[in-house]
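# Close look at the chain arrangement
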Amino acid sequence: MSRALVTGGAGFLGRNLALRLLKEGFEVVVLDNLSSPSPLGSPEGATFVEGSVVEPPDLPGPFDRIYHLASPASPPRYLQDPIGTLRTGAEGTRNMLDLAVSHEARFLLASTSEVYGDPAQHPQHEEYTGSVQVTSSRACYDEAKRYAEALTYAYNREDLVPEIRVVRIFNTYGPGMAPDDGRVVSNFINQALSGRSLTIYGDGSQTRSFCYVDDLIEGIWRLSNSDVTVPVNLGNPEELSMKELATTIAESVGDTGIDYLPLPESDPTRRRPDIGRARDRLGWEPTLGLAEGLPPTVEYFRSLIDA
Ligand code: UDP
């Protein structure tokens, strides 16, 4: 039986990925320091080890695959701990690459659309080199992930880890998210469910493109089974402004009004993935829009409130 390590496997995406790997017949070990866990935690059926990728504990291998997702990921979380975020991307990724060397494991890095910064090119293709303001507060995350990618390619070039995969994940939502992680979808739904005004940052004209978690996990699964070693964008190209998102959520959950708050520094003005590469190389594209993905997400958050 194949055995996989999922770092960050108690977080939103890691947990959903670990569940998929278990379903595909893998033995799964989760390494997570529980700094920003999903309320649902590490999945049942996986072996859970509490610890950080920066100073990893002994792990019960051997591993055929390492899925490296561990990192603070929502802006409020990484802005609270900029040095820790940079160390996770740098030292943590190096430790996990060294682990891949010793286990001769296939290594998948969870990178991000944030490598494109506040993009001058739209939509964002993988060949776009990005526009990150290195002195901005967000750079702790953006540059950590850019370094993690560069390090992964360096290990590959030096033939230390021949099997690498790099996924650039765009905004994703769905069951398993933490209600308090500060992301826009979780904020808006929880605000509407509890009768509070939706908090729009800035004038709400900035755009994002939201992918339902099941689609994203299918893409990661396909990428990890493919022979594609170049970075691959995974996300839903359905783009909308935060004002439109607020309206959509108010229509489906209830209209509780809107509060306009200041726009955070270096908040990207627009974001939409070019998914041509994922389509061509993986035969992948999202199958669920907000109309399908929001209802189960709302139900999930409602169940947390009722619990
Ligand atoms: N945002 C907002 N209200 C909130 C949370 C976020 O208007 O309560 C905005 C945020 O400024 C950004 C967008 O929604 O423009 C997406 O934010 P999120 O933190 O979900 O992800 P990001 O794409 O910025 O990493």
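Look up a bit, the structure's there.
In this report, the structure presented in the accompanying data block is examined.

Criteria and thresholds
Residues numbered from 1 in each chain as written. Predicted model: local features only at pLDDT ≥ 70, side-chain atom pairs only at ≥ 80, totals over all residues. Heavy atoms only, no water. Helix = DSSP H or I, 4+ residues; strand = E, 2+ residues; numbered from the N terminus. Rg over C-alpha atoms; globule rule 2.2 N^0.38 Å. Contact = heavy atoms within 4.5 Å. Areas by Shrake-Rupley, 256 points an atom, 1.4 Å probe, with all protein chains shown as cover. Lys, Arg positive; Asp, Glu negative; His and termini not counted. Charge placed at Lys NZ, Arg CZ, Asp CG, Glu CD. Near = heavy atom within 4 Å. Polar contact = N/O pair within 3.5 Å; in protein donor to acceptor, adjacent residues only side chain to side chain. Nonpolar A, V, L, I, M, F, W, Y, C, P; charged D, E, K, R; others polar. Salt bridge = Lys/Arg side-chain N within 4 Å of Asp/Glu carboxyl O. Buried < 20%, exposed > 50% of the residue type's maximum accessible area, 1.4 Å probe, protein only. Patch = residues over 30% accessible without salt bridge, like charges linked within 9 Å, V, L, I, M, F, W, Y side chains within 5 Å. Phe/Tyr/Trp six-rings, centres within 6.5 Å; stacked < 30°, edge-to-face > 60°. Pairing = 2+ DSSP bridges. Axes fitted to C-alpha atoms, helices over the stretch in contact; angles between N-to-C directions.

## Some points on the overall build of the protein chain
- In terms of regular secondary structure, the protein chain is built from nine helices and 13 strands.
- Its C-alpha radius of gyration of 18 Å places the protein chain within 12% of the 19 Å reference for a compact globule of 307 residues.
- Projecting the C-alpha coordinates of the protein chain onto the three principal axes gives extents of approximately 55 × 45 × 40 Å.
- Of the contacts formed within the protein chain by residues at least 6 apart in sequence, a portion of 79% connects residues at least 24 apart.
- Just so you have it, the protein chain exposes about 12,800 Å², and 48% of that area is on carbon and sulfur atoms.
- For the protein chain, the separation between the mean place of its 27 positive charges and that of its 43 negative charges on side chains is 2 Å.

## A few points about the site of the ligand
- Neighbouring the ligand are 18 residues; Asn187, Thr199, Arg208, Asp267 and Arg271 lie closest to it.
- In the model, an oxygen atom of the ligand is placed 2.8 Å from a nitrogen or oxygen of the Val184 main chain.
- At 2.7 Å from an oxygen atom of the ligand is found a side-chain nitrogen or oxygen belonging to Arg271.
- Here the ligand loses 95% of its free accessible area of 510 Å² to cover by the protein chains.
- Of all the secondary structure elements, the ones that give two or more residues to the shell around the ligand are α5 (184–193) and β8 (198–201).
- Its residues assigned to classes, the shell around the ligand shows seven nonpolar, five polar and six charged.

## As for the pattern of salt bridges
- Here the structure, examined in full by the defined rule, presents 20 salt bridges.
- When the shortest N-O distance is used, the salt bridge between Asp180 and Arg77 registers 3.6 Å. Of this pair, Asp180 sits in the loop between β7 (172–173) and α5 while Arg77 sits in helix α2 (residues 75–80), and the two are 103 residues apart along the sequence.
- Judged by relative accessible area, which is 22%, Arg77 ranks as partly exposed.
- Between Glu114 and Arg138 there is a salt bridge, with its nearest N and O atoms 2.6 Å apart. Here Glu114, found in the loop between β5 (106–112) and α4 (139–157), pairs with Arg138, found in the loop between β5 and α4; they are 24 residues apart in sequence, far enough to count as distant.

## So, a nonpolar patch on the surface
- The grouping of Tyr201, Leu261 and Leu263 at the surface amounts to a nonpolar patch, some 240 Å² of accessible area in total.
- The residue Tyr201 is located in strand β8 in this model.

## Some thoughts on the packing of aromatic side chains
- Under the definition given, this model contains six aromatic pairs.
- Here Tyr78 and Tyr141 contribute two aromatic rings whose centre-to-centre distance is 4.4 Å and whose plane-to-plane angle is 5 degrees, an arrangement assigned as stacked. Taken together, the positions of Tyr78 in helix α2 and Tyr141 in helix α4 put the pair 63 residues apart, joining distant regions of the chain.
- On the accessibility criterion, Tyr78 (1% relative accessible area) is buried.
- Given a relative accessible area of 7%, Tyr141 falls into the buried group.
- Taken together, a centroid distance of 5.0 Å and an interplanar angle of 55 degrees make the contact between Tyr300 and Phe301 tilted.
- Residue Phe301 is classed as buried on the basis of its relative accessible area, which comes to 0%.
- Each residue in the set Tyr116, Tyr128 and Phe170 is aromatic and connected to the rest through ring pairs, giving one cluster.

## Things to note about the side chain of Ser186
- Along the chain, Ser186 turns up in helix α5.
- Relative accessible area serves as the criterion here: at 0%, Ser186 is assigned to the buried category.
- Within the structure, Ser186 has its side chain in polar contact with the side chain of Asp181 (distance 3.1 Å).
- Residue contacts for Ser186: discarding those within four places in its chain leaves Met177, Ala178, Pro179, Asp181 and Phe301.

## Description of the sheet that holds strand β6 (residues 164–169)
- The seven strands are arranged β3-β2-β1-β4-β5-β6-β11 in an open sheet whose pairing can be described as parallel. A strand with exactly one partner marks an edge of an open sheet, and here the two such strands are β3 (47–50) and β11 (232–234). On average, each strand axis in the sheet is tilted by 20 degrees relative to the strand beside it, whichever way the strands run.
- Across five bridges, strand β1 (residues 3–7) lies against strand β2 (residues 27–32) in parallel orientation. The residue bridging Thr7 from the neighbouring strand is Leu31, located in β2.
- Running over the sheet, helix α6 (residues 213–225) touches β4 (65–68), β5, β6 and β11 and is turned about 160 degrees from β6.

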